[in-house]
Amino acid sequence: MNSTTRAFIDFEGVTLEDVETLFSVAHRFEKHLQLPLVPHTLGLIFLEPSTRTRCSFEVAGLKLGLRVFNLESAESSVMKGESLEDTLLNLDAMGPSLLVVRHGTKELLREIAPRLKSKIISGGEGITGHPTQALLDVLTIYRARKGFKKERVLIIGDVIHSRVAHSHFDLLHLIGFEIAVCGPREWLGIEKDSRIKHFSRLEEGLQWATIAMSLRIQKERHDKNASSSFEELVSSFQLNAKSLRHLSEDGFIMHPGPVNRDVEMTREAMEDSRCLILKQVNNGVILRGALMASMLGIKI
Ligand code: CP
């Protein structure tokens with residue numbers, strides 16, 4: 001990820017060295033208060049809801065001295081039937097330096113990116129991926145452990161519908177972490193990947209793991225018959241005071257947000273001293289700032 005990078009959509013071509021360089025820029029960005037205005041415009045195009053991703057790109061963009069504009073689906077011509085492709089081509093014609101795009105269609109950005117003059121970053125794409133979330137999660141682990149150590153990451157819940165999980169499968173393998181999943185059977189769908197372990201019981205998974213990463217239930221991507229899996233998640237795969245007794249004292253609890261309280265995890269789990277959720281959010285600003293600075297050639 002540097003000033004020659006035109007699109008950051010997934011981890012194709014990304015090396016461990018790239019990730020460590022980006023983390024160094026993020027550490028510098030944290031100490032840095034506000035750059036003077038720079039001649040770059042950042043467009044945040046969010047056609048699905050977002051709190052953390054959109055606002056953290058905006059906060060980071062303002063700290064970098066970028067001019068920022070926002071487009072959300074409710075106020076866009078997508079509501080009048082314009083395709084995402086046409087929306088992006090039209091925004092691109094206005095000359096922004098960088099677009100961050102969230103949308104719900106699988107693998108669309110890779111097709112559109114080469115046709116844009118603006119640089120582009122995925123802000124979360126269908127179930128394809130959410131690469132900046134995976135990066136900020138790994139940055140959070142890196143900072144909490146003071147470097148890369150051997151980790152065993154247990155990803156819990158609605159794995160198959162989660163773009164965060166799909167990006168983690170790529171990034172965690174690149175870093176060299178072990179990965180396992182557990183959750184209701186119909187939400188796993190990883191049988192074909194021999195690199196990913198499976199635990200049918202949460203307690204066993206938590207005894208194995210150094211990181212317990214719960215995921216949001218992606219109701220918007222379910223068919224109508226998912227209610228039994230929902231109940232199974234709450235009864236058998238919830239992170240709560242009882243289940244978390246099986247996670248080691250120096251283990252960490254993570255969730256990309258938004259959390260459905262008392263569904264994926266309880267208040268006790270969120271307030272557990274091992275929980276990194278708000279650190280993940282904090283690191284989201286510096287990671288996204290570092291990525292944008294690197295792609296736009298802004299020195300920090
Ligand atoms: N984790 C995440 O993508 O959160 P938002 O949907 O609030 O951006």
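A brief structural summary. (Residues numbered from 1 in each chain as written. Predicted model: local features only at pLDDT ≥ 70, side-chain atom pairs only at ≥ 80, totals over all residues. Heavy atoms only, no water.)

### With respect to the packing of aromatic side chains
Piece 1. Considering all chains together, one arrives at 6 aromatic pairs under this definition.
Piece 2. Relative to Phe177, the ring of Phe148 lies with its centre 6.0 Å away and its plane at 75°, an arrangement referred to as edge-to-face. Here Phe177 lies in the loop between helix H6 (163-175) and strand S7 (178-182) and Phe148 lies in the loop between helix H5 (131-145) and strand S6 (152-156), a separation of 29 residues in the sequence.
Piece 3. Here the aromatic residues Phe23, Tyr142, Phe148 and Phe177 are joined through ring pairs into a cluster of three or more.
Piece 4. In this structure, Lys63 packs its charged tip against the face of Phe29, placed 5.4 Å from the ring centre. (Phe/Tyr/Trp six-rings, centres within 6.5 Å; stacked < 30°, edge-to-face > 60°. Helix = DSSP H or I, 4+ residues; strand = E, 2+ residues; numbered from the N terminus. Lys NZ or Arg CZ within 6 Å of the ring centre and 35° of its normal.)

### Quick look at the sheet that holds strand S10 (residues 252-254)
Piece 1. Spatial ordering of the open sheet is given by S8-S7-S6-S9-S10, a layout of 5 strands whose pairing is parallel. Bordering the open sheet on either side are strand S8 (196-198) and S10, each of which pairs with just one other strand. Strand-to-strand, the axes of this sheet are offset by a mean angle of 25°, without reference to chain direction.
Piece 2. The pairing of strand S9 (residues 211-214) with S10 spans 3 bridges and is classified as parallel. Following the sheet pairing, Ile211 is matched in S10 by Phe252. (Pairing = 2+ DSSP bridges. Axes fitted to C-alpha atoms, helices over the stretch in contact; angles between N-to-C directions.)

### Focus: the environment of Leu172
Piece 1. Along the polypeptide, Leu172 turns up in helix H6.
Piece 2. Remark: the alpha-carbon pair of Leu172 and Val153, spanning 19 residues in sequence, is separated by 8.5 Å.
Piece 3. Here Leu172 is in contact with Val138, Val153, Phe177 and Ile179, once residues within four sequence places are set aside. (Contact = heavy atoms within 4.5 Å.)

### Points about the pairing of strand S3 (residues 67-72)
Piece 1. Relative to S3, strand S2 (residues 41-46) runs parallel, the two sharing 6 bridges. Following the sheet pairing, Leu42 is matched in S3 by Val68.
Piece 2. Each parallel crossover has a hand, and for S2 linked through helix H2 (residues 52-63) to S3 it is right-handed. (Right-handed = clockwise from strand over helix to strand, strands pointing away.)

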